[in-house]
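Letter by letter, the chains look like this.
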Amino acid sequence: MKIGVIGCAGIAERRMLPALVADPDVEVTAIASRDGAKARQFTRRFGGDPVAGYDRLLERSDIDAVYVPLPPLLHAEWIERALRAGKHVLSEKPLAANGKEAADLVALAEDRNLTLLESFMFLTHSQHAYVRERVAQGAIGELRTLTAEFAFPAKSADDMRYNPDTGGGALTDIGVYPIRTALMFLGSDLEVIGSWLHVDAERKVDLGGSALLGAPDGVTAHLTFGMEHAYRSQYALWGSSGRICVRWAYTPPPTHSAVIRIERQSHVEEITLPPDDQFANVVRAFVGRVRDGVPSGLEGESVLTQADLVDQVRARALIRPAQ
């Protein structure tokens, strides 16, 4: 499958392009940047033709699909353009700025019989399937509540996460991970009971926040996220007879052996799993969906449910400092 890359973001350079290049069924055909020199810099490392301008890449007939690692507020525009150009799309998250835009893009992809995947790489890591299996086996009894936290220290002042004009803010960049964790274990019929956002009045972006979600059966999810904290990337499921914890849930490197901790009243168990490469898994999921129609879990209704919950968190948030 011949892939073009629209944008030279850090996530593309560090993780996704190495995964694309390593996949035997993928050829990186072209890399586009608004800066021709930046495109040449990337192609010297990863191969393909350098292209100055995103439109020029979409005009090429030798590209089957595109990967979009642009700033969040540019996703919807270039995903739509790529779909209308007949290209399958793998996009960094979030797919769009709100639920309405996401729904329009999903509908457009379906109408044109094209694949549109949101690169929520952590969902493809094998440690989460292991946790689901142990919970289903009754390892913690009946599930009562979920907690999920994802946060990291402040970045440099010019980081795009602090720029509202490119879709900055902790909720859309970081908060979506705990939200998607709640969907993974509690199901899609969730309601946002309440939320809180810490908004930087000068930058006009949210730096962190929390949300409380509830499922129809009474199970709750307490989610915390931010970019003004010490690093934390974990979730836990608390049941009637035990608790299961994932300590490095969202950004484990491919060499990391995941450790799952199961706590019961009289026994603690730690299980070490084999390393897994979630970026390589996303690439395989994309190829499988395009070539063979294999469901990925990174598309369609799950994407729309997540986008709707993000809208709810934002709409119902108590803002501090007050606006």
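Provided above is the structure to which this section pertains.
Presented here is a report on the structure given in the accompanying data block. Bear in mind the structure is a predicted one, so any value in this text is a computation, not a measurement.

**Digging into helix α2 (residues 36-46)**
Taken as a whole, α2 has its buried residues at Gly-36, Ala-39, Phe-42, Thr-43 and Phe-46. Taken end-on, α2 shows its buried residues confined to a sector of 125°, consistent with a single buried face. Pointing more than 90 degrees away from the buried face of α2 are the exposed residues Arg-44 and Arg-45. Between a side-chain oxygen at the N-terminus of α2 and the backbone nitrogen of Ala-37 the separation is 2.9 Å; the capping residue is Asp-35. Just downstream of α2 lies Gly-47, where phi reads positive at about 90°.

**Looking at unusual backbone geometry**
A cis amide bond links Lys-93 to the next residue, Pro-94, at an omega of -10°. Checked against the element boundaries, Pro-94 lands in the loop between β5 (88-91) and α5 (99-111). Even without being glycine, Lys-204 reaches a positive phi, approximately 65°. Structurally, Lys-204 is set in the loop between β8 (191-200) and β9 (205-214). For Lys-204, a relative accessible area of 61% corresponds to the exposed category.

**So, the side chain of His-75**
Position of His-75 relative to the elements: it lies in helix α4 (residues 72-84). Residue classification places His-75 among the buried residues on the basis of a relative accessible area of 0%. His-75 has contacts with Val-68, Pro-69, Leu-70, Ser-91, Glu-92, Lys-93, Pro-94 and Leu-95, leaving out every residue within four places of it along the chain.

**Notes on the pairing of strand β10 (residues 220-226)**
Relative to β10, strand β7 (residues 143-151) is paired through seven bridges, and the arrangement is parallel. Across the sheet, Ala-148 pairs through a bridge with Leu-223, a residue of β10. Across seven bridges, the pairing between β9 and β10 is antiparallel. The residue of β10 that forms the bridge with Gly-209 is Phe-225. Taking the residues that link successive antiparallel strands as the turn, the β9-β10 hairpin has five residues, and the phi of Gly-218 there is positive, at about 95°.

**Quick word on the sheet that holds strand β3 (residues 49-52)**
Across the sheet, which stays open at both edges, the six strands sit in the order β3-β2-β1-β4-β5-β6 with parallel pairing between neighbours. Each edge of the open sheet carries a strand with a single partner, namely β3 and β6 (116-118). Across this sheet, the average inter-strand angle for adjacent strands is 20°, counted without regard to direction. Here α2 sits on the sheet in contact with β2 (27-33) and β3, set at roughly 160° to β2.

**Considering the nonpolar core**
Grouped together as the largest cluster of nonpolar side chains are 78 residues, with contacts concentrated most on Leu-17, Leu-20, Val-131, Leu-213, Tyr-235 and Leu-237. The residues contacting Tyr-235, other than those within four sequence positions of it, are His-128, Val-131, Thr-147, Ala-148, Thr-181, Met-184, Phe-185, Ile-244, Cys-245, Val-246, Ala-249 and Tyr-250. Counting 29 residues, the second largest nonpolar core, distinct from the first, contains Val-51, Val-66, Leu-83 and Leu-105.

**Focus on the packing of helix α7 (residues 170-186) against helix α9 (residues 301-315)**
Where α7 contacts α9, the axes come no closer than 10 Å and their chain directions differ by 120°. Regarding the angle of α7 to α9, the classification is oblique. Where α7 crosses over α9, the two elements pack in a sense that is right-handed. Here α7 contributes Leu-171, Thr-172, Val-176, Ile-179, Arg-180 and Leu-183 to the contact with α9, which in turn contributes Ser-302, Val-303, Thr-305, Gln-306, Leu-309, Val-310, Val-313 and Arg-314.

**Side note on the pattern of salt bridges**
On inspection of all chains with the given rule, the structure shows 26 salt bridges. Salt-bridge contacts for Arg-180 lead to Glu-118; the nearest nitrogen and oxygen are separated by 3.9 Å. On the criterion of sequence distance, the pair formed by Arg-180 in helix α7 and Glu-118 in strand β6 is long-range, its members being 62 residues apart. The exposure class assigned to Arg-180 is buried, which follows from its relative accessible area of 4%.

**Looking at the packing of α4 against α5**
The angle between the axes and the distance between the axes are what describe a pair of packed helices. Direction vectors running N to C along α4 and α5 enclose 10°, while the axes themselves pass 10 Å from each other. Considering the angle they form, α4 stands roughly parallel to α5. In this structure, α4 uses Ala-76, Ile-79, Glu-80, Leu-83 and Arg-84 to contact α5, whose residues at the interface are Glu-101, Leu-105, Leu-108 and Ala-109. For the contact of α4 with α5, a count of residues per class yields six nonpolar, no polar and three charged.

Parameters and conventions
- Residues numbered from 1 in each chain as written.
- Predicted model: local features only at pLDDT ≥ 70, side-chain atom pairs only at ≥ 80, totals over all residues.
- Heavy atoms only, no water.
- Buried < 20%, exposed > 50% of the residue type's maximum accessible area, 1.4 Å probe, protein only.
- Helix = DSSP H or I, 4+ residues; strand = E, 2+ residues; numbered from the N terminus.
- Arc of directions from axis to C-beta.
- Polar contact = N/O pair within 3.5 Å; in protein donor to acceptor, adjacent residues only side chain to side chain.
- Contact = heavy atoms within 4.5 Å.
- Pairing = 2+ DSSP bridges.
- Axes fitted to C-alpha atoms, helices over the stretch in contact; angles between N-to-C directions.
- Core = buried A, V, L, I, M, F, W, Y, C linked by side-chain atoms within 4.5 Å.
- Parallel < 35°, antiparallel > 145°, perpendicular 65-115°, else oblique.
- Left-handed = near helix turned anticlockwise from the far one by under 90°.
- Salt bridge = Lys/Arg side-chain N within 4 Å of Asp/Glu carboxyl O.
- Nonpolar A, V, L, I, M, F, W, Y, C, P; charged D, E, K, R; others polar.

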